[in-house]
Amino acid sequence: MVVATYIPSPAIIIGTVRIITTIVVSEAFPFFRFGHHLQKAFYPTIHNPDSERHSTMTGFTPDAPVLHEIKNHSEELTKAEAGVAAFAAKRNNRWYPKFHIASNGGWINDPNGLCFYKGRWHVFYQLHPYGTQWGPMHWGHVSSADMVNWKREPIMFAPSLEEEKDGVFSGSAVVGDDGKLKFYYTGHRWANGKDNTGGDWQVQMLAEPDNDELTSATKRGMVIDCPTDKVNHHYRDPKVWKTGDKWYMTFGVSSAEKRGQMWLFSSDDMVKWTYEQVLFEHPDPDVFMLECPDFFPLDGKQVLMLGPMEMLPKGEFHNGHNVIGFSAMGSKPSGFMNRNVNNAGYMIGTWTPGEQFKPETEFRLWDCGHNYYAPQSFNDGKRQIVYGWMSPFVEPIPMQDDGWCGNLTLPREITLGADGDLHTAPVAEMEGLREDTVDFGAIDLDVSGEKTIVDDAEAVEIEMTIDLANSTAERAGLRVHATEDGAYTSVAYDDQIGRVVVDRQANAQGDRGYRTAPLSEAELAAGELKLRVYVDRGCVEVYVNDGRQVLSSYSYASEGPRAIKLVAESGTLKVKSLVLHHMKSIGLE
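The following refers to the structure shown. (Residues numbered from 1 in each chain as written. Predicted model: local features only at pLDDT ≥ 70, side-chain atom pairs only at ≥ 80, totals over all residues. Heavy atoms only, no water.)

What to know about the overall build of the protein
Thinking step 1. Counting its regular elements, the protein contains two helices and 41 strands.
Thinking step 2. Among the 589 residues that make up the protein, the fraction classed as buried is 61%.
Thinking step 3. Counting only contacts in the protein whose residues sit at least 6 apart along the sequence, the fraction spanning at least 24 positions is 60%.
Thinking step 4. Accessible area of the protein: about 21600 Å², with a carbon and sulfur share of 48%. (Helix = DSSP H or I, 4+ residues; strand = E, 2+ residues; numbered from the N terminus. Buried < 20%, exposed > 50% of the residue type's maximum accessible area, 1.4 Å probe, protein only. Contact = heavy atoms within 4.5 Å. Areas by Shrake-Rupley, 256 points an atom, 1.4 Å probe, with all protein chains shown as cover.)

Set out below in structure tokens:
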């Protein structure tokens, strides 16, 4: 063991007292442990939780935020802006989105810090400014006054503290009792000081914006440390909400036994936090981590949405119930379920402060497409809105060669349907992106018929109603990004399996395969299928029956004109109506 003394810069002060910290470095964890100070142990001893998961664990929640600056944050932000600008200068726009949020250059993943504040919608996101693969995380930022026209804002966070030296990981934003916004996020370090071979060291952090425009922020420091004897490295993605007079925080944890859990903390002042208990543990022993939690009220009830890895359930009260959401790392594919590397979904159940979450339904996907992960929601005062990350799970990932990688989904409003399930449809503002409209009316196709709807479509929305009762095709629908080399992506109803399909097997580039979204018995019996299909330069979003199901997938079109065709396979197709809207840019190109 090596012991050294660390003297922080003059800017690192808690209250009016400058901190002098002893660094304890071991072979297993060569990084700061903030429990060791010159005068006394900063934290009390950690105790084991009891068998009911109600714990007396203490000692890892300091009375005041702790931070140790190792780099000048302003300088790191300047470097990050230059990194993104270098990629933007040479970016290839062949698949770069026209109406989806993406970074100007570099890699992005999870949406972060979503909020409506002082008259503007703000979307932050995980950003690696120095590469088109995942790397040290920063927070990118865009904002809008109308959710139609967006502008780029300065990068908000770059790693600059010892507690986050290898990445400013995901987090959320919440308005406190004083009406001011706070950011909570995870500070990330590699346990061995250099890479992921030794695991993660993660803690929960607090920051506060410097202005109402949210163009910069001051990092306050660590508010929850990690009890290493209780955690198997993964410990991240805080979400904060208020119930009654208490503030609560949850985040994803991999326990020492490698079980996927969500831990619950409470606070009276949003600074000093107390461990309460394990809010939820996934019943599948193969699931070792749950991440990206979320919690919100919906229709007067309470919703718990969590975004852990590989199976993402979310939460919500309806009739005394709530929904828990998470992405479960380690879940195995089963039939049509969990086909992606990571899968985002939810379970409906009950939660009362002081108790664990009690699921009452099976796991249900938020999105059935190839590329959807780590959703986060926020309330803009009128509705609950969710963004997801269109995650490129499987190589090859051709856009990485174009100076950028990754975009978010469209914003979706979460509602509770008459069927008792959650629906997600594009927010009403998306209609403001329509430049013009072409109404094709009703269309009939003969056996194995085909009709070209548009010869070249860069960015469009299609609203289509299929008469299932009077169609005989085994599979029927649209072929989008159809190019002269025979490549296309199919968006269709498959009558043999009773599902909506996004099929990329004819793609010339990128990962292929297909994904399906189920239709209920009632939907099939109705004899009618409504599809709302958004086609951007490099991705597709398909909303089924007003958002009862959604599929989001990348689609890398080949060179040349990108046609959209209506096709019936092995049978006839009757379309009651088909309307096409050309879409304008959201202003981020």
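Brief notes about the pairing of strand β38 (residues 539-544)
Thinking step 1. Summarising burial for β38: six of the six residues are buried, a large majority.
Thinking step 2. Both faces of β38 are covered, namely the face carrying Cys 539, Glu 541 and Tyr 543 and the face carrying Val 540, Val 542 and Val 544.
Thinking step 3. Where strand β37 (residues 528-535) meets β38, five bridges bridge the pair, whose relative direction is antiparallel. In the sheet register, Val 535 faces β38, and the bridge partner there is Val 540.
Thinking step 4. Between β37 and β38, which pair antiparallel in sequence order, lie three residues.
Thinking step 5. With six bridges joining them, β38 and strand β39 (residues 549-554) adopt antiparallel strand pairing. Looking across to β39, one finds that Val 540 is bridged to Ser 553.
Thinking step 6. Taking the residues between adjacent antiparallel strands as the criterion, β38 and β39 are bridged by four residues, where Asn 545 takes a positive phi near 50°. (Pairing = 2+ DSSP bridges.)

Points about the packing of aromatic side chains
Thinking step 1. One pass over the full model with this rule turns up 28 aromatic pairs.
Thinking step 2. Seen from their ring centres, Phe 60 and Phe 265 are 5.9 Å apart, and the 85° between their planes marks the pair as edge-to-face. Here Phe 60, found in the loop between β4 (21-25) and α1 (73-89), pairs with Phe 265, found in strand β15 (residues 260-267); they are 205 residues apart in sequence, far enough to count as distant.
Thinking step 3. Its relative accessible area of 2% is what places Phe 60 among the buried residues. (Phe/Tyr/Trp six-rings, centres within 6.5 Å; stacked < 30°, edge-to-face > 60°.)

A closer look at the pattern of salt bridges
Thinking step 1. For the coordinates displayed, the defined rule picks out 33 salt bridges.
Thinking step 2. Between Lys 242 and Asp 177 there is a salt bridge, and its shortest N-O distance comes to 2.8 Å. Of this pair, Lys 242 sits in strand β13 (residues 231-243) while Asp 177 sits in the loop between β9 (167-175) and β10 (181-190), and the two are 65 residues apart along the sequence.
Thinking step 3. One salt-bridge network, in which partners are shared between bridges, spans Lys 98, Glu 458, Arg 537 and Glu 589. (Salt bridge = Lys/Arg side-chain N within 4 Å of Asp/Glu carboxyl O.)

With respect to the side chain of Thr 465
Thinking step 1. Tracing the chain through its elements places Thr 465 in strand β32 (residues 460-467).
Thinking step 2. Contacts of Thr 465, omitting those with residues within four sequence positions, involve Glu 528, Leu 529, Lys 530, Val 575, Lys 576 and Ser 577.

Quick look at the nonpolar core
For soluble globular proteins, nonpolar side chains are generally found buried alongside one another.
Thinking step 1. Judged by nonpolar contacts, the single largest core of 52 residues is most densely connected at Phe 99, Ile 101, Val 123, Trp 150, Tyr 387 and Met 399.
Thinking step 2. Aside from chain neighbours lying at most four places away, what touches Val 123 is Ile 101, Asn 112, Leu 114, Gly 140, His 141, Val 142, Trp 150, Tyr 387 and Leu 408. (Core = buried A, V, L, I, M, F, W, Y, C linked by side-chain atoms within 4.5 Å.)

Let's talk about the sheet that holds strand β31 (residues 450-454)
Thinking step 1. Within the open sheet, the six strands sit side by side as β31-β40-β33-β34-β35-β36. Their pairing is antiparallel. In this open sheet, the two strands that pair with only one neighbour each are β31 and β36 (514-518). When strand polarity is set aside, the average angle formed by the axes of neighbouring strands in this sheet is 20°.
Thinking step 2. Alignment of β31 against strand β40 (residues 563-569), held across four bridges, turns out to be antiparallel. Looking at the pairing, Val 454 lines up with Ile 564 of β40. (Axes fitted to C-alpha atoms, helices over the stretch in contact; angles between N-to-C directions.)

So, the environment of Asp 166
Thinking step 1. Checked against the element boundaries, Asp 166 lands in the loop between β8 (150-152) and β9.
Thinking step 2. The class for Asp 166 is buried, based on a relative accessible area of 16%.
Thinking step 3. Put simply, Asp 166 and Gly 135 are 31 residues apart on the chain and 8.8 Å apart in space, counted from C-alpha to C-alpha.
Thinking step 4. Beyond its immediate stretch of four places on either side in the chain, Asp 166 contacts Pro 136, Met 137, His 188, Arg 189 and Trp 190.

Section: the sheet that holds strand β14 (residues 246-255)
Thinking step 1. With respect to topology, four strands assemble into an open sheet ordered β13-β14-β15-β16, the strand pairing being antiparallel. With partners counted over all chains shown, the strands left at the sheet margins are β13 and β16 (274-281), one partner each. Strand-to-strand twist of the sheet, defined as the mean angle between neighbouring strand axes without regard to direction, takes the value 25°.

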